[in-house]
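# Geometric and topological summary
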Amino acid sequence: MLELRHLTRRYGDHLAVDDVTFSVPAGQMVGFVGGNGAGKTTTMRMIMGVLAPTSGEVRWAGRPATAADRARFGYMPEERGLYPKQPILDQLVYLGRLRGLSTTSARERATELLTRFGLGDRLRATVETLSLGNQQRGQIIASVLGDPVFLVLDEPFSGLDPAAVDAMTALLREYTAAGVPVLFSSHQLDLVDRLCDSLVVLHQGKVVAAGTSDDLRRDAPLRYRLAMATDTTWVDEQPGITILQRTPGTVVLQPTDVATAQRLLVDAVARGTVQEYARLVPTLADVYREVTTA
Amino acid sequence: MSTSPTPAWQLVTRREISTRLTDRNFVIGTGLTLVLLIGAMLLPALMGGDAAHYRVAVTEAAGQRIVQQTEGAFEATPNPLGSNEPPTIEANRVPDRAAAEATVRSGDADAALVLSGREWQLLTDGAPEPELATALTQTVQQAMLARNAAAAGVTLAELSSGTQVAGVDLAAAAGASTRDPIVTFFLGFVLAMLFYMAALMFGQQISTSVVEEKQSRLVEVLAAMIPLRHLLAGKVLGNTLIAFGQILLISVVAIVGLRFTTLSIDLTGLTTALLWYVAFFVVGFLALASLYAVAGALASRNEDLAATTMPMTIALVIVLIVGLQATGTLQQVLSFLPIASTVVMPLRILDGDYALWEPIVALLLVLTFCAVAVWLGARLYERAVMHTTGTLTWRQALRLTEE
């Protein structure tokens with residue numbers, strides 16, 4: 001398990017990462033969500049030790065993470081890069097060797113993964129001749145070579161076609177099934193919702209929400225839509241109700257609690273024909289918007 | 001933890017070497033250098049491939065004999081440059097001076113050797129070939145001296161006795177090795193030039209190689225994976241080995257090539273000095289490589305390299321110029337100063353003015369310098385990695401290392 005405790009990074013007067021605390025439990029996939037400049041990349045770089053925290057600590061297996069621990073973390077940085085003039089297979093073998101694999105096992109594993117990602121016939125191609133999407137596949141493979149004990153992936157899905165996203169997802173699932181914790185950042189909330197066991201929302205350097213997506217939705221404010229054949233202006237005068245949106249015949253409202261919502265329904269039925277009275281379940285995007293604009 | 005069977009720096013070294021050897025530009029560049037070198041050695045031989053052949057018109061039997069003797073003289077003294085073949089000369093008997101002049105004007109003869117009264121004259125159409133004129137004049141002088149001596153009743157040997165001055169080298173007589181100061185200076189100069197050229201050629205390569213990971217943005221992955229000093233050490237070592245391979249190849253071709261020409265330098269008696277020279281060159285080069293690695297660590301892109309390597313290249317030139325001309329205490333101090341010692345210590349060794357411990361200590365100092373440079377480079381590199389844009393100046397970088 002990876003734990004971040006009060007991790008903080010200051011650039012001059014600017015707090016890029018402000019007292020971030022969360023953990024990535026074994027075998028779990030945690031999505032790291034936040035807008036541009038929220039501090040995701042800075043946090044990931046501190047996890048990998050390529051950036052020193054101003055304060056706080058990164059812990060692995062119950063103690064402060066060491067360089068030796070980090071040497072076994074798989075990392076896909078935001079700034080992608082491989083040697084442009086070296087054939088893709090050769091440099092994956094090299095990176096595998098640096099991670100401690102033998103030449104044979106590095107070659108076998110890299111060939112297997114390249115084939116799996118549809119690059120089986122491009123093993124000898126230099127990186128600069130590969131499309132950006134294919135370079136990204138190479139990058140993903142580079143991060144998982146050498147049996148990593150933890151994976152940190154910065155926007156691993158950006159620029160991938162749906163087939164590659166599926167291949168990548170299946171690969172990550174194999175690692176989580178083997179107990180490897182995975183932390184990845186993404187802007188694609190639907191993807192995060194689909195893949196992650198839990199997520200951490202970062203906004204202006206702070207964790208503004210954390211938990212499973214169900215948790216986050218549950219924490220979201222209660223909202224209902226009421227549709228009636230008759231006039232709905234009477235709702236305005238009800239205590240404990242805030243009107244969020246109104247169109248002729250329907251109103252979106254926010255009650256203070258479930259009891260208030262129930263009372264409102266009783267009132268409504270008494271006043272006319274209720275066509276619809278529904279609890280609005282927020283999407284993750286709604287939740288995200290909610291927590292980051294608060 | 002890590003089960004790495006091979007240290008990272010070795011893997012980096014191997015990658016440096018194998019990528020360079022498979023780099024088309026590098027292979028073509030090296031091949032081209034060798035072709036140029038071979039060409040430069042073969043050219044004089046090819047140009048002078050056909051030995052000169054002179055035709056000389058003569059009016060007398062005496063003239064004909066002189067021309068024949070001149071041919072003998074050509075054979076006895078081989079041409080110093082270019083072709084091994086001595087020039088040939090052919091006498092062409094004509095009836096009189098007028099015929100001789102006509103032959104020269106028409107170009108049927110290169111010159112005419114005629115007797116005008118008691119005086120020999122060499123008739124040419126324009127300036128004479130220096131080689132031909134010198135040889136003919138000497139032969140005429142010898143022949144006439146011999147004839148005059150005979151007329152005076154003495155032999156040529158008697159006439160010329162006591163005219164020679166014999167040189168006696170006291171040092172050689174005492175059994176000491178003799179060194180031509182010109183050769184010493186020449187070797188020192190060649191060493192300095194080679195060192196400087198190697199720095200220019202290979203230094204930039206090393207800086208480029210060090211900046212490569214930053215340019216390709218692979219650095220974050222590697223920084224998390226291996227200690228950066230391993231990366232730097234591997235690069236310094238890999239590029240140094242490549243450079244030596246190239247220098248060795250060029251040297252072998254040059255030495256083998258020289259055997260096919262008449263050019264040669266007498267290096268007898270300089271063997272010890274040459275061995276020291278090689279040792280200093282190797283270690284000095286390693287130090288240079290480390291310095292250029294630091295320059296590479298300061299830049300974040302290839303475009304920044306010119307700015308970070310410039311101060312070093314200038315400093316290097318100054319060190320070499322000062323080192324070559326230094327004497328006395330300054331020379332002694334410089335002979336221990338890393339980088340400068342590469343040029344200065346071998347010069348002192350060539351002069352024979354040194355104690356055995358001195359070059360050994362100087363070599364150890366250079367090696368220490370290399371280790372410090374790689375360490376410093378790795379620290380700078382680590383810091384510069386976090387500077388995602390722009391170039392660090394040397395001053396900023398040194399301040400960073402103090403943090």
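Source: prediction; values computed, not measured.

### Quick notes on the packing of helix 5 (residues 132-144) of chain A against helix 6 (residues 162-177) of chain A
Residues and elements named next belong to chain A. Where helix 5 meets helix 6, the closest approach of the two axes is 12 Å, and the angle between their N-to-C directions is 5°. Between helix 5 and helix 6, the interaxial angle falls into the category roughly parallel. In contact with Arg137, Ile140 and Val144 of helix 5, helix 6 contributes Ala164, Met168, Leu171 and Tyr175. Of the residues belonging to the contact of helix 5 with helix 6, the class tally is 6 nonpolar, no polar and 1 charged.

### Re the pairing of strand 13 (residues 250-255) of chain A
In summary, the side chains of a regular strand alternate between the two faces of the sheet. Residues and elements named next belong to chain A. Where strand 11 (residues 224-228) and strand 13 come together, 4 bridges link them in antiparallel fashion. Opposite Arg225, over in strand 13, you have Val252 as the bridge partner. In the sheet, strand 12 (residues 241-247) pairs with strand 13 via 6 bridges, with the strands oriented antiparallel. Paired with Arg246 across the bridge in strand 13 is Val251. Between strand 12 and strand 13, which follow one another and run antiparallel, lie 2 residues, and Gly249 among them has a positive phi close to 90°.

### Looking at the sheet that holds strand 9 (residues 198-203) of chain A
Residues and elements named next belong to chain A. One open sheet accounts for 6 strands, arranged 6-7-8-3-9-10; its pairing is mixed. Only two strands of the sheet have a single neighbouring strand rather than two, namely strand 6 (73-76) and strand 10 (206-211). The sheet shows a mean angle of 15° between the axes of neighbouring strands, direction not considered. When strand 3 (residues 29-33) meets strand 9, the two strands line up parallel, connected through 4 bridges. Counterpart to Gly31 in the pairing with strand 9 is Leu199.

### With respect to the interface of chain B and chain A
With 25 residues of chain B at the contact, the number on the chain A side is 25 residues. For the pairing of chain B and chain A, the buried interface totals around 2,400 Å² over both sides, and the portion due to carbon and sulfur atoms is 63%. If you look at where chain B meets chain A, you find 1 salt bridge. Here Glu220 of chain B and Arg45 of chain A are joined by a salt bridge, their closest N and O atoms 2.9 Å apart. One can count 5 residue pairs in polar contact (both at pLDDT 80 or more) joining chain B with chain A. For the side of chain B that touches chain A, the elements supplying multiple residues, two or more each, are helix 1 (8-21), helix 8 (181-215), helix 9 (219-225) and helix 15 (357-386) of chain B. Residue classes in the side of chain B that touches chain A are distributed as 14 nonpolar, 5 polar and 6 charged.

### Considerations on the side chain of Glu220 of chain B
Inspection of the secondary structure assignment puts Glu220 of chain B in helix 9. According to the relative accessible area criterion, Glu220 of chain B is buried, its value standing at 4%. At 2.6 Å, the side chain of Glu220 of chain B and the side chain of Tyr75 of chain A are in polar contact. In this structure, Glu220 of chain B is in contact with Arg45, Val50, Tyr75 and Pro77 of chain A, ignoring residues within four places of it in sequence.

### Concerning the layout of surface pockets
Estimated volume of the second largest pocket: approximately 1,100 Å³. In this structure, the second largest pocket is lined by 33 residues; those nearest its centre are Lys85 of chain A together with Arg15, Thr19, Arg20 and Glu212 of chain B. Partitioning the lining of the second largest pocket into residue classes produces 7 nonpolar, 13 polar and 13 charged.

### Let's talk about the pattern of salt bridges
Residue and element names in this part refer to chain A. One pass over the structure, following the stated rule, counts 23 salt bridges over all chains. In this structure, the salt-bridge partner of Arg217 is Asp193, at a minimum N-O distance of 2.6 Å. Here Arg217, found in helix 8 (residues 213-219), pairs with Asp193, found in helix 7 (residues 189-195); they are 24 residues apart in sequence, far enough to count as distant. As a salt-bridge pair, Arg246 and Asp236 come within 2.2 Å of each other at their nearest N and O atoms. Of this pair, Arg246 sits in strand 12 while Asp236 sits in the loop between strand 11 and strand 12, and the two are 10 residues apart along the sequence.

### Quick look at the sheet that holds strand 5 (residues 63-64) of chain A
Residues and elements named next belong to chain A. Reading across the sheet, the 4 strands line up as 2-1-4-5 and stay open at both edges, with antiparallel pairing between neighbours. Strands with a single pairing partner mark the edges of an open sheet, and in this sheet they are strand 2 (14-24) and strand 5. Docked against the sheet, helix 1 (residues 40-48) engages strand 1 (2-11), strand 2 and strand 4 (55-60), running at close to 120° with respect to strand 1.

### Examining the confidence of the model for chain B
Of all residues in chain B, 81% have pLDDT values of 70 or greater, and the mean over the chain is 78. By mean pLDDT, helix 7 (residues 170-173) of chain B is the weakest element of chain B at 57, and helix 1 of chain B is the strongest at 90.

### Looking at the packing of aromatic side chains
Applying the stated criterion to the full structure yields 11 aromatic pairs over all chains. For the ring pair Trp60 of chain A and Phe73 of chain A, a centre distance of 5.2 Å and an interplane angle of 70° mean the geometry is edge-to-face. Pair noted here: Trp60 of chain A is in strand 4 and Phe73 of chain A is in strand 6, with a separation of 13 residues, a long-range link. Residue Trp60 of chain A is classed as buried on the basis of its relative accessible area of 11%. Judged by centre distance (5.3 Å) and plane angle (80°), the ring pair of Phe157 of chain A and Phe184 of chain A falls under edge-to-face. In this pair, Phe157 of chain A is assigned in the loop between strand 7 (150-153) and helix 6 and Phe184 of chain A in strand 8 (residues 182-185), connecting sequence segments 27 residues apart. Judged by its relative accessible area of 0%, Phe184 of chain A falls in the buried class. Through a chain of ring-to-ring contacts, three or more aromatic side chains come together here, namely Phe202, Phe244, Phe281 and Phe285 of chain B. Between the NZ or CZ atom of Arg9 of chain A and the centre of the ring of Tyr11 of chain A, over which it lies, the distance is 4.7 Å.

### Topic: empty space enclosed by the protein
Which parts of space are left empty comes out when a probe the size of a water molecule is rolled across the atoms. Residues and elements named next belong to chain B. Scanning all chains against the criterion turns up 2 cavities of 30 Å³ or more. Top contributing element to the lining of the second largest cavity by residue count: helix 8, with 5 residues. Grouping the amino acids of the lining of the second largest cavity by side-chain chemistry returns 8 nonpolar, 1 polar and no charged.

The rules behind each value
Residues numbered from 1 in each chain as written. Chains lettered and ligands numbered in written order. Predicted model: local features only at pLDDT ≥ 70, side-chain atom pairs only at ≥ 80, totals over all residues. Heavy atoms only, no water. Axes fitted to C-alpha atoms, helices over the stretch in contact; angles between N-to-C directions. Helix = DSSP H or I, 4+ residues; strand = E, 2+ residues; numbered from the N terminus. Parallel < 35°, antiparallel > 145°, perpendicular 65-115°, else oblique. Contact = heavy atoms within 4.5 Å. Nonpolar A, V, L, I, M, F, W, Y, C, P; charged D, E, K, R; others polar. Pairing = 2+ DSSP bridges. Buried area = accessible area lost by both parts, 1.4 Å probe. Salt bridge = Lys/Arg side-chain N within 4 Å of Asp/Glu carboxyl O. Polar contact = N/O pair within 3.5 Å; in protein donor to acceptor, adjacent residues only side chain to side chain. Buried < 20%, exposed > 50% of the residue type's maximum accessible area, 1.4 Å probe, protein only. 1 Å grid on protein atoms, 1.4 Å probe; cavity = no way out; pocket = protein on both sides within 12 Å on 5 of 7 lines; lining within 4 Å. Points joined across faces, edges and corners; volume = space filled by probe spheres on them. pLDDT = per-residue confidence, 0-100. Phe/Tyr/Trp six-rings, centres within 6.5 Å; stacked < 30°, edge-to-face > 60°. Lys NZ or Arg CZ within 6 Å of the ring centre and 35° of its normal.

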